[in-house]
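# Coordinate analysis (summary)
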Amino acid sequence: MATLKDITRRLKSIKNIQKITKSMKMVSAAKYARAERELKPARVYGTGALALYEKAEIKAPEDKKKHLLIGVSSDRGLCGAIHTSIAKTLKNEITNLSNAGKEVMVVGVGDKIRGLLQRTHGNYLLLTFKEVGRRPPSFGDASVIASELLNSGYEFDEGSVIYNRFRSVISYKTDEKPIFSLETVAGSESLSIYDDIDADVLRNYQEFTLANILYYSLKESTTSEQSARMTAMDNASKNASEMIDKLTLTFNRTRQAVITKELIEIISGAAALD
Amino acid sequence: MSSAVVLPFPVALTLPGSGAAAMVAYWRQAGLSYIRYSQICAQVVRAAMKPQYKAEAERAAMATVKTVKPKKE
């Protein structure tokens, strides 16, 4: 049976935690509102960039060897299953592609991805990026990532971006979008229906599409992350208030027990004098 | 993606399957990628904006991401 002092200490610390989680929820609610507002125009970039791949029905030929996986997440935790779902998808894809005999490299956007993958799949990591999630992502961020990728010297044939697509305040889904290399797109037969395409234009378009897709996935990812953090902190505050209620009851019971014990001692002491 | 190669001017690139020849852009010859080229163009546009819109544009375009190269052991 805990003493009054222990229960008081515990109660105080849980009340502090509840204040912190409540304020974190407010902060992420504000960030989520801003992220959702910025997501609407950003979706246009993504759908526009992917429209060429879909309309021209570009598919990578099966015998291509080099794969690239880009996992988009962030640096900060306390947001539910955001990082682990990306890492799980990445690990599954690495296993599938390695078993099929393809060469895979992974690019991690966000420190959490690096942390989750380094121990077991560290040799697959090509590059990672940090300072993601502190501020809302801009096209400049996507350009930096795309430039580093192009300058890294890894000539991939096919790739995919794995990110958390925002569905609603309470739900997000881990999604995958394809990226193709220049040779795949140039070699696709249906490309001849487009006017005025030459190799230089295609290469420019490919580089720009990479930045576009990264920008779109970054925007979706941050919105999902903020909504997940809001939910997680809300649950934490609710759990904390439950614990506070239970502890307050035990505190009152303990207090009454202490008073009763003192009374018994006094009365039995007085009775012994008679 | 292939890296930029410096070629003598004027340059012709042929698309596989077609017979047409095309010019490589001057910035591609200088070694820039399209992303770097568009970044420079956007910088110039931002520098030419009026002061009341310039600050907002500069803030929106800030890139905060840093690269971490994995250490080879």
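What you see is a predicted model, and the numbers here were worked out from it, not measured in a lab.

Right, let's talk about the interface of chain B and chain A for a bit. Contacts between the two partners involve 25 residues from chain B, matched on the other side by 35 residues from chain A. Counting each side, the surface lost to burial between chain B and chain A is near 3000 Å², with a carbon and sulfur contribution of 59%. At the boundary of chain B with chain A, the tally comes to three salt bridges. The closest approach of N and O atoms between E207 of chain A and R28 of chain B, which form a salt bridge, is 3.0 Å. Applying the counting criterion to the chain B and chain A interface returns nine residue pairs in polar contact (both at pLDDT 80 or more). Broken down by class, the residue content of the side of chain B that touches chain A amounts to 17 nonpolar, five polar and three charged. Looking at chain direction, strand β3 (residues 125–130) of chain A and strand β3 (residues 66–68) of chain B are connected through three bridges and run antiparallel. Looking at β3 of chain B, one finds that T128 of chain A is bridged to V68 of chain B.

The pairing of strands in a sheet comes from backbone hydrogen bonds and takes either a parallel or an antiparallel form. Ordered in space as β5(A)-β4(A)-β1(A)-β2(A)-β3(A)-β3(B), the six strands form an open sheet in which the pairing is mixed. Only two strands of the sheet have a single neighbouring strand rather than two, namely β5 (171–180) of chain A together with β3 of chain B. Ignoring strand direction, the axes of neighbouring strands in this sheet form an average angle of 20°. The pairing of strand β1 (residues 66–72) of chain A with strand β2 (residues 103–109) of chain A spans seven bridges and is parallel. By the bridge assignment for β2 of chain A, V72 of chain A is matched with V109 of chain A.

Quick look at the nonpolar core now. Generally speaking, soluble globular proteins have nonpolar side chains that are buried together. Residue and element names in this part refer to chain A. Of all hydrophobic cores here, the largest spans 42 residues; its most connected members are L68, I70, V107, V109 and L126. Here the element with the most residues in this core is helix α6 (residues 199–273); it accounts for eight residues. Each residue touching L68, except ones within four places of it in the same chain, is listed here: M105, V107, L126, L149, Y154, F156, E158, G159 and S160. Grouped together as the second largest cluster of nonpolar side chains are 11 residues, L90, I94, V104 and V106 included.

We note that the domain assignment places domain 1 (4–22 + 232–272) and domain 2 (38–230) within chain A. Taking only C-alpha atoms, the centre of domain 1 of chain A and the centre of domain 2 of chain A are 51 Å apart.

Of note, L78 of chain A is a non-glycine position whose phi angle comes to about 60°, a positive value. In this structure L78 of chain A comes out as exposed when scored by relative accessible area, which is 53%.

Another aspect to go through is the pairing of strand β4 (residues 158–168) of chain A. All names here are of chain A. Counting buried positions along β4 gives eight out of 11 residues, so the element sits mostly inside the fold. Here 10 bridges tie β4 to β5, and the two strands are oriented antiparallel to one another. Across the sheet, residue S168 finds its bridge partner in β5, namely S171. The hairpin turn running from β4 into β5, its antiparallel successor, is two residues long.

A cluster of nonpolar side chains, namely I259, L263, I266 and I267 of chain A, defines an oily patch on the protein surface of about 400 Å² accessible area. Note that L263 of chain A resides in helix α6.

It is worth spelling out the environment of A87 of chain A at this point. Residue and element names in this part refer to chain A. Within the secondary structure, A87 is located in helix α2 (residues 82–99). Note on A87: relative accessible area 4%, which makes it buried. Sequence spacing of A87 and D75 is 12 residues, and the spatial spacing of their C-alpha atoms is 13 Å. Those residues in contact with A87 that sit more than four places away from it in its chain are L116 and L117.

All names here are of chain A. When we look at burial in helix α3 (residues 111–121), the residues that qualify are I113, L117 and H121. The buried side chains of α3 occupy one side of the element, clustering within an arc of 5° when seen end-on. α3 presents G115 and R119 as exposed residues on the side facing more than 90 degrees away from its buried surface. Buried-residue contacts for α3 involve β1, α2, β2 and β3.

Reading the values: rules and limits
- Residues numbered from 1 in each chain as written.
- Chains lettered and ligands numbered in written order.
- Predicted model: local features only at pLDDT ≥ 70, side-chain atom pairs only at ≥ 80, totals over all residues.
- Heavy atoms only, no water.
- Contact = heavy atoms within 4.5 Å.
- Buried area = accessible area lost by both parts, 1.4 Å probe.
- Salt bridge = Lys/Arg side-chain N within 4 Å of Asp/Glu carboxyl O.
- Polar contact = N/O pair within 3.5 Å; in protein donor to acceptor, adjacent residues only side chain to side chain.
- Nonpolar A, V, L, I, M, F, W, Y, C, P; charged D, E, K, R; others polar.
- Pairing = 2+ DSSP bridges.
- Helix = DSSP H or I, 4+ residues; strand = E, 2+ residues; numbered from the N terminus.
- Axes fitted to C-alpha atoms, helices over the stretch in contact; angles between N-to-C directions.
- Core = buried A, V, L, I, M, F, W, Y, C linked by side-chain atoms within 4.5 Å.
- Buried < 20%, exposed > 50% of the residue type's maximum accessible area, 1.4 Å probe, protein only.
- Domains from an automatic or database assignment.
- Patch = residues over 30% accessible without salt bridge, like charges linked within 9 Å, V, L, I, M, F, W, Y side chains within 5 Å.
- Areas by Shrake-Rupley, 256 points an atom, 1.4 Å probe, with all protein chains shown as cover.
- Arc of directions from axis to C-beta.

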